[in-house]
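Fold and geometry: a report
Here's the letter readout for the chains.
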Amino acid sequence: MKISLIEPLGVKKEVIEELSAGLIEKGHTFVSYDTLAENEEEQIERVKDSDIVMIANHRFSANVIERAEKLKMLDIAFTGIDHVDVSKAREKNIMLCNAAGYSTETVAELIIAMAVGGLRNMIKADHAVRNGGTAAGLGGREIAGRTVGIIGLGAIGMRAAKLFLAFGANVIAYSRSEKAEARALGIEYKTLDEVLSESDIISLNLPNNAETKGLISKEKIALMKNDAVFINCARGPIVDNAALADALNHDELGFACIDVYDMEPPLPADYPLLNAKNTLLTPHQAFISEEAMVRRAKIVFDNVYAYLAESPINVCR
């Protein structure tokens, strides 16, 4: 079979060589690219004649899938698969596998860092030092003793909850299903409105789908405390980001830490959050760390080996 890795996985060339060696030894053709395709036509050229294609988090459209005539398995080096035209892939009976779990620790740690940054006025403090200021008025607040609301208690949400608990926070959660593990840790399940209105820190950890898109609307944002810290390391389209910016600019919300947007960075100059006060913005980096990238690479290659052994793993249903 021809197996094509059509975009970088963020690891050293030696890692890819080590992980792919077994494929080559078994007589398969393995091709990899260390640059992103510049356009859809280049993507199509890269997937041509491939039985298995490995991608990361860049758009994989219906047109590309249609043109990949031999494609049998699409191996997605990402947790979410909303950048792939899933309906077209399933129409063509292409198996989809993902890399769920590789970034759990990395994302959860950034959520904690953002919470500390928001509560302790880190952006303003940095600005003060660089402009001859002092610590006056910048002491901020602690995580300990505060109420943290986790919206979406999946793997990342649960890991973030445990870290917040270690800081001494009280954790409440809204989630589609309830876990005995969460209750054993003292996490209390509440309605979405209760979590939004009662929390000092809110961490959004939901996938982007038809049910969640636009979930955090203007009306939901209005429920939050005016000194709350809102963190989104999940998906941008879940939030009305224009309404979020408006709430920040009118002091109806304390601080927002945002890693994801309605599109991938770079953002247009008029994007609302770029001009909102009391924000910490990062360029969709929550899932990226040296350790996470190596874990991801191992998972996606394991997916290929399992598929070739007719025992597929991480299949997206």
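In short, a report on the structure. (Residues numbered from 1 in each chain as written. Predicted model: local features only at pLDDT ≥ 70, side-chain atom pairs only at ≥ 80, totals over all residues. Heavy atoms only, no water.)

What follows concerns the overall build of the protein chain. Within the protein chain one finds twelve helices and twelve strands. Against the compact-globule benchmark of 20 Å for 317 residues, the protein chain has a radius of gyration of 21 Å, which places it among compact chains. In terms of principal-axis extent, the alpha carbons of the protein chain reach across some 65 × 45 × 35 Å. Considering the protein chain as a whole, with its 317 residues, one finds that 49% of them fall into the buried category. When contacts within the protein chain are restricted to residue pairs at least 6 apart in sequence, those whose partners lie at least 24 apart make up 63%. Entry remark: accessible area of the protein chain is about 15,200 Å², with carbon and sulfur atoms responsible for 50%. (Helix = DSSP H or I, 4+ residues; strand = E, 2+ residues; numbered from the N terminus. Rg over C-alpha atoms; globule rule 2.2 N^0.38 Å. Buried < 20%, exposed > 50% of the residue type's maximum accessible area, 1.4 Å probe, protein only. Contact = heavy atoms within 4.5 Å. Areas by Shrake-Rupley, 256 points an atom, 1.4 Å probe, with all protein chains shown as cover.)

Moving on: the packing of helix α1 (residues 13-25) against helix α12 (residues 290-308). Where α1 contacts α12, the axes come no closer than 10 Å and their chain directions differ by 5 degrees. Judged by the inter-axis angle, α1 sits roughly parallel to α12. Residues Val15, Ile16, Leu19, Ser20, Ala21, Gly22 and Leu23 of α1 form the contact with α12, whose participating residues are Ala297, Lys298, Phe301, Val304, Tyr305 and Leu308. (Axes fitted to C-alpha atoms, helices over the stretch in contact; angles between N-to-C directions. Parallel < 35°, antiparallel > 145°, perpendicular 65-115°, else oblique.)

Mapping Phe164 onto the fold places it in helix α7 (residues 155-166). For Phe164, a relative accessible area of 0% corresponds to the buried category. Spatially, the C-alpha atoms of Phe164 and Val239 are 23 Å apart, while their sequence positions differ by 75 residues.

We now examine unusual backbone geometry. As a rule of thumb, non-glycine residues mostly have phi less than zero, and peptide bonds are mostly trans rather than cis. A cis geometry characterises the amide bond from Pro265 onward to Pro266, with omega recorded as 10 degrees. Here Pro266 is to be found in the loop between β11 (255-258) and β12 (279-281). At Asn93, a position not held by glycine, the phi torsion is positive, near 60 degrees. Turning to its location among the elements, Asn93 is positioned in the loop between α4 (86-91) and β5 (95-97). The class of Asn93 is exposed, set by a relative accessible area of 67%. For Asp251, which is not glycine, the phi torsion reads 60 degrees and is therefore positive. By secondary structure assignment, the location of Asp251 is in the loop between α11 (241-249) and β11. Of the residues examined, Asp251 reaches a relative accessible area of 45% and is grouped as partly exposed.

Turning our attention to the environment of Gly145. Inspection of the secondary structure puts Gly145 in the loop between α6 (122-130) and β6 (147-151). When the C-alpha positions of Gly145 and Gly254 are compared, they lie 18 Å apart, and in sequence the two are 109 residues distant.

This part takes up the sheet that holds β11. The sheet built from seven strands is open, its strands ordered β8-β7-β6-β9-β10-β11-β12 with parallel pairing. Looking along the sheet, the strands with just one partner apiece sit at the ends: β8 (188-189) and β12. Sheet strands touched by helix α5 (residues 104-119): β9 (201-204), β10 (229-232), β11 and β12. Its angle to β10, the strand with the most contacts, is close to 150 degrees. (Pairing = 2+ DSSP bridges.)

This part takes up the environment of Glu25. The residue Glu25 is located in helix α1 in this model. Separated by 253 residues in sequence, Glu25 and Asn278 have C-alpha atoms that sit 55 Å apart.

Moving on, we get to the nonpolar core. Core analysis: the biggest nonpolar cluster contains 75 residues, and Leu9, Phe60, Leu74, Leu153, Phe164, Ile231 and Phe301 have the highest contact counts within it. Ignoring any residue separated from it by four or fewer positions in sequence, one finds Leu74 in contact with Val53, Ile55, Phe60, Val84, Ile94, Met95, Leu96 and Cys97. One finds Leu196, Val239, Leu244 and Ala247 within the second-largest nonpolar core, a separate group that totals 29 residues. (Core = buried A, V, L, I, M, F, W, Y, C linked by side-chain atoms within 4.5 Å.)

The next subject is the pattern of salt bridges. Between side chains of opposite charge, pairing is possible as soon as their charged atoms come close. Within this structure, the stated rule accounts for 15 salt bridges. Notably, a salt bridge pairs Glu42 with Arg46, separated by 2.8 Å at the nearest N-O pair. Of this pair, Glu42 and Arg46 both sit in helix α2 (residues 40-47), separated by four residues, roughly a single helical turn. Overall, Glu42 belongs to the partly exposed group, its relative accessible area being 26%. Looking at Arg46, the relative accessible area reads 4%, which means it is buried. Linking Glu181 and Lys162 is a salt bridge whose minimum nitrogen-to-oxygen distance equals 2.7 Å. (Salt bridge = Lys/Arg side-chain N within 4 Å of Asp/Glu carboxyl O.)

A separate point is α11. Every buried residue of α11 is listed here: Asn241, Ala243, Leu244, Ala245, Ala247 and Leu248. Buried residues along α11 sit against α10 (218-223), β10, β11 and β12. Two or three places before Ala242, at the opening of α11, Asp240 has a side-chain oxygen 3.3 Å from that residue's backbone nitrogen. Phi turns positive one or two residues past the end of α11, at Asp251, with a value near 60 degrees. (Polar contact = N/O pair within 3.5 Å; in protein donor to acceptor, adjacent residues only side chain to side chain.)

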